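Here is what each chain is made of, one letter per residue.
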Amino acid sequence: AQVAGLLARFARERNLTLPPLAEDGTGSIQRGSAVVTIHVLADRGVLLLLSKVAAAPALTADQATRLLTLSFVETKDAAFALHPQTGDLYLRILRGLDGLDYEEFEDLVHSIAATADHWDDRLAKELAGSLA
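Below is a summary of the structure that appears in this document. (Residues numbered from 1 in each chain as written. Predicted model: local features only at pLDDT ≥ 70, side-chain atom pairs only at ≥ 80, totals over all residues. Heavy atoms only, no water.)

Some details on the overall build of the protein chain
Secondary structure summary: the protein chain contains 3 helices and 5 strands in total. The order of α-helices and β-strands along the protein chain, N terminus first, is α-β-β-β-α-β-β-α. Against the 2.2 N^0.38 benchmark of 14 Å for 132 residues, the protein chain shows a C-alpha radius of gyration of 15 Å, consistent with a compact globule. Expressed along its principal axes, the backbone C-alpha trace of the protein chain runs to roughly 45 × 30 × 25 Å. Buried positions account for 41% of the 132 residues belonging to the protein chain. Counted over contacts in the protein chain with a minimum sequence separation of 6, partners at least 24 positions apart contribute 58%. In the protein chain, the 12 positive side-chain charges and the 18 negative ones have mean positions that sit 3 Å from each other. (Helix = DSSP H or I, 4+ residues; strand = E, 2+ residues; numbered from the N terminus. Rg over C-alpha atoms; globule rule 2.2 N^0.38 Å. Buried < 20%, exposed > 50% of the residue type's maximum accessible area, 1.4 Å probe, protein only. Contact = heavy atoms within 4.5 Å. Lys, Arg positive; Asp, Glu negative; His and termini not counted. Charge placed at Lys NZ, Arg CZ, Asp CG, Glu CD.)

The structure is reproduced here in structure tokens:
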């Protein structure tokens with residue numbers, strides 16, 4: 001209910017039509033080329049924001065190291081992560097639900113969306129060659 005209210009306010013303040021948070025605690029927001037998927041993991045007390053930036057890349061060790069290095073300082077609140085089942089490359093933000101307010105929710109959504117929008121096209125090109 002907490003995140004559903006935050007998502008509804010986010011949509012209302014931007015005059016967006018977004019589907020409400022689903023019963024399973026999932027929803028999504030598109031900002032630019034980035035689609036941010038919201039996952040409320042209530043049993044763990046966690047909000048997980050995901051944005052896919054590349055389909056299952058076959059990473060070299062150097063490319064994997066580069067992504068980890070980028071995650072250290074270049075991705076704001078987000079970090080690169082590989083989906084455990086599909087191998088797709090995502091940006092993700094993990095945040096506890098306790099104390100989460102609207103301003104922080106809004107900041108997290110903007111942060112991951114802007115970062116994903118920046119990196120998705122760039123990584124498509126770089127992963128086709130090498131991460132420079």
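Now that the structure has been shown, we can carry on.
Some words on the pairing of strand β5 (residues 89–96)
As paired elements, strand β3 (residues 46–54) and β5 share 8 bridges and run antiparallel to each other. Note on β5: the bridge partner recorded for Ser51 is Leu91. Here 4 bridges tie strand β4 (residues 79–82) to β5, and the two strands are oriented antiparallel to one another. Residue Ala79 lies in a different strand from β5, and its bridge partner there is Arg92. Joining the antiparallel neighbours β4 and β5 is a turn of 6 residues, in which Gly87 adopts a positive phi near 80 degrees. (Pairing = 2+ DSSP bridges.)

Here we look at the packing of helix α2 (residues 61–73) against helix α3 (residues 102–128)
Axes are the key here: two packed helices are described by the angle between their axes and the distance separating the axes. Here α2 crosses α3 at 160 degrees, and the two axes come no closer than 13 Å. Between α2 and α3, the angle falls in the class roughly antiparallel. Taken as a pair, α2 and α3 cross one another with a handedness that is right-handed. When α2 is examined against α3, the residues Gln63, Arg66, Leu67 and Leu70 are found in contact with a partner set consisting of Trp119, Arg122, Leu123, Glu126 and Leu127. (Axes fitted to C-alpha atoms, helices over the stretch in contact; angles between N-to-C directions. Parallel < 35°, antiparallel > 145°, perpendicular 65-115°, else oblique. Left-handed = near helix turned anticlockwise from the far one by under 90°.)

Focus on the layout of surface pockets
Picture a little ball the size of a water molecule; that probe, rolled over the atoms, points out where space is still empty. Here the largest pocket is characterised by a volume of approximately 160 Å³. Looking at the largest pocket, the residues that line it are Leu48, Leu50, Ala81, Leu82, His83, Pro84, Tyr90 and Arg92. (1 Å grid on protein atoms, 1.4 Å probe; cavity = no way out; pocket = protein on both sides within 12 Å on 5 of 7 lines; lining within 4 Å. Points joined across faces, edges and corners; volume = space filled by probe spheres on them.)

A look at the packing of aromatic side chains
Under the defined criterion, the tally for this structure stands at 2 aromatic pairs. Aromatic side chains Phe10 and Phe105 sit 6.3 Å apart centroid to centroid with 90 degrees between the ring planes, which places their arrangement in the edge-to-face category. Of the two residues, Phe10 is situated in helix α1 (residues 2–13) and Phe105 in helix α3; the sequence distance between them amounts to 95 residues. (Phe/Tyr/Trp six-rings, centres within 6.5 Å; stacked < 30°, edge-to-face > 60°.)

Things to note about the side chain of Gln63
Looking at the secondary structure, you find Gln63 in helix α2. For Gln63, the side chain forms a polar contact with the main-chain nitrogen of Thr60, separated by 2.9 Å. (Polar contact = N/O pair within 3.5 Å; in protein donor to acceptor, adjacent residues only side chain to side chain.)

Digging into the nonpolar core
Counting residues in hydrophobic clusters, the biggest one holds 33 residues, and the most contacted among them are Val3, Ile38, Leu47, Leu49, Phe80 and Phe105. Secondary-structure elements contributing two or more residues to this core are α1, β2 (34–41), β3, α2, β5 and α3. Sorting elements by how many residues they give to this core places α3 first, with 10 residues. Ignoring anything within four residues of it in the chain, the contact list for Ile38 reads Val3, Leu7, Leu21, Gly25, Thr26, Gly27, Ile29, Leu47, Leu48, Leu49 and Phe105. (Core = buried A, V, L, I, M, F, W, Y, C linked by side-chain atoms within 4.5 Å.)

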